[in-house]
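# Close look at the chain arrangement
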Amino acid sequence: SSLYVHIPFCESICPYCDFAKVLKSDRFESPYVASLLEEISALPKRHFKTVYVGGGTPTCLELPSLRALLGSLSEILAPDGEFTVEGNPESLDGLKIACLAETGVNRVSLGVQTLRPAYLSYLGRHHDEGMVRELAVALRQAGIININLDLMYGFAGQSLEEVKEDVEGILSLGPTHISTYSLMVEPHTAFSLRKEKEREEDFLADAYDLIRVCLKERGF
């Protein structure tokens, strides 16, 4: 059996995101986490094979809230279970990585999307390649070696060569898993309100094929 826990808070809202989320606020965070802890304690006493904490941005929680939540979830994880937490690079630091490791988290999924500064800015992201590299090293040093990295493609003006550079850059970070998806302009997002356009299907198909070949060559 599996359990998904949603953390709907973000320190900033990406213009393409249509997930359930609000800007991080102490006014919302404390009662929300308290309610989650009540619900977790009321669950039937069983061990889940997988526990996944997604968002939003789970790692933007304040350290005491993060520790309380993950500690509670660790008690209902099967001994050999997979315990995943999603995070954005800019919201993770040494203390939070230590918290993840101490509470039994053994898989982290980072919203990298791209390593090119221009596209990171376009997507409203606040990290850079150096930050992601440092985090990958820090996570492994803490014993968390199962790392997923998100890879997005299909930006306005993006070339296939730039797609390939992003794939190679992501691979050089040593992930164990890669989630790749094309940029979609969803209704009611900032991109939609700005009338951004999705890339043409031929480009998206070519980019996907390129990514698939590159990953297959590397054993993915």
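Above this text you will find the structure in question.
First, a word on what this report is: a plain description of the structure on this page. Here the structure is a predicted model, which is why all the values come from computation and not from measurement.

Conventions we followed
- Residues numbered from 1 in each chain as written.
- Predicted model: local features only at pLDDT ≥ 70, side-chain atom pairs only at ≥ 80, totals over all residues.
- Heavy atoms only, no water.
- Helix = DSSP H or I, 4+ residues; strand = E, 2+ residues; numbered from the N terminus.
- Rg over C-alpha atoms; globule rule 2.2 N^0.38 Å.
- Buried < 20%, exposed > 50% of the residue type's maximum accessible area, 1.4 Å probe, protein only.
- Areas by Shrake-Rupley, 256 points an atom, 1.4 Å probe, with all protein chains shown as cover.
- Lys, Arg positive; Asp, Glu negative; His and termini not counted.
- Charge placed at Lys NZ, Arg CZ, Asp CG, Glu CD.
- 1 Å grid on protein atoms, 1.4 Å probe; cavity = no way out; pocket = protein on both sides within 12 Å on 5 of 7 lines; lining within 4 Å.
- Points joined across faces, edges and corners; volume = space filled by probe spheres on them.
- Nonpolar A, V, L, I, M, F, W, Y, C, P; charged D, E, K, R; others polar.
- Expected span 1.5 Å × (residues − 1).
- Arc of directions from axis to C-beta.
- Contact = heavy atoms within 4.5 Å.
- Phe/Tyr/Trp six-rings, centres within 6.5 Å; stacked < 30°, edge-to-face > 60°.
- Lys NZ or Arg CZ within 6 Å of the ring centre and 35° of its normal.

### Regarding the overall build of the protein chain
Along its length, the protein chain carries eight helices and eight strands. Rg of the C-alpha trace for the protein chain: 18 Å, near the compact-globule value of 17 Å for 220 residues, within the 12% margin. Principal axes of the C-alpha set define a box for the protein chain whose edges measure 50 × 40 × 30 Å. Counting all 220 residues of the protein chain, 46% fall into the buried class. Here the protein chain displays about 10900 Å² of accessible surface, and carbon together with sulfur accounts for 54% of that area. Charged side chains of the protein chain number 21 positive and 32 negative; the gap between the two group centres comes to 2 Å.

### Focus on the layout of surface pockets
Roughly 660 Å³ of volume is contained in the largest pocket. In terms of lining, the largest pocket is formed by 33 residues, of which the most central are Y16, F19, Q113, R125 and Y181. Where the lining of the largest pocket is concerned, the elements lending two or more residues are strand 4 (48-55), strand 5 (77-87), strand 6 (107-113), strand 7 (146-153) and strand 8 (177-182). Looking at the lining of the largest pocket element by element, the count peaks at four residues for strand 6. Of the residues assigned to the lining of the largest pocket, the class counts are 12 nonpolar, 13 polar and eight charged.

### A short note on helix 1 (residues 26-42)
In a regular helix each residue adds 1.5 Å, so 17 residues correspond to 24 Å; helix 1 covers 25 Å between its end C-alpha atoms and thus fits that length. Listed in full, the buried residues belonging to helix 1 are E29, V33, L36 and I40. The arc enclosing the buried residues of helix 1, seen along the axis, measures out at 60°, which places them on a common side. Of the exposed residues in helix 1, the ones pointing more than 90 degrees away from its buried face are R27, E38, E39 and A42. Residues of helix 1 that are buried sit in contact with strand 1 (2-7), strand 2 (9-10) and helix 2 (63-74).

### Regarding unusual backbone geometry
Backbone torsion omega between G55 and G56 reads 20°, so that peptide bond is classified as cis. Its place among the elements puts G56 in the loop between strand 4 and helix 2. In this structure, Q113 takes a positive phi of about 70° despite not being glycine. Within the secondary structure, Q113 sits in strand 6.

### Some points on the packing of aromatic side chains
A full pass over the atoms with the stated rule returns five aromatic pairs. Note on F9 and Y32: the rings are 5.4 Å apart at their centroids and 80° apart in plane angle, and the pair reads as edge-to-face. You can see F9 sitting in strand 2 and its partner Y32 sitting in helix 1, a full 23 residues away along the chain. Accessibility expressed as a relative area gives 3% for F9, which makes it buried. Taking the centre distance of 6.4 Å and the plane angle of 70° together, the rings of Y122 and F155 count as edge-to-face. Here Y122, found in helix 4 (residues 117-122), pairs with F155, found in the loop between strand 7 and helix 6 (160-172); they are 33 residues apart in sequence, far enough to count as distant. In this structure F155 comes out as buried when scored by relative accessible area, which is 0%. Here a set of aromatic residues connected by ring pairs shows up, and it is made of Y119, Y122, F155 and F191. The ring centre of F203 lies 3.7 Å from the NZ or CZ of R199, which sits over that ring.

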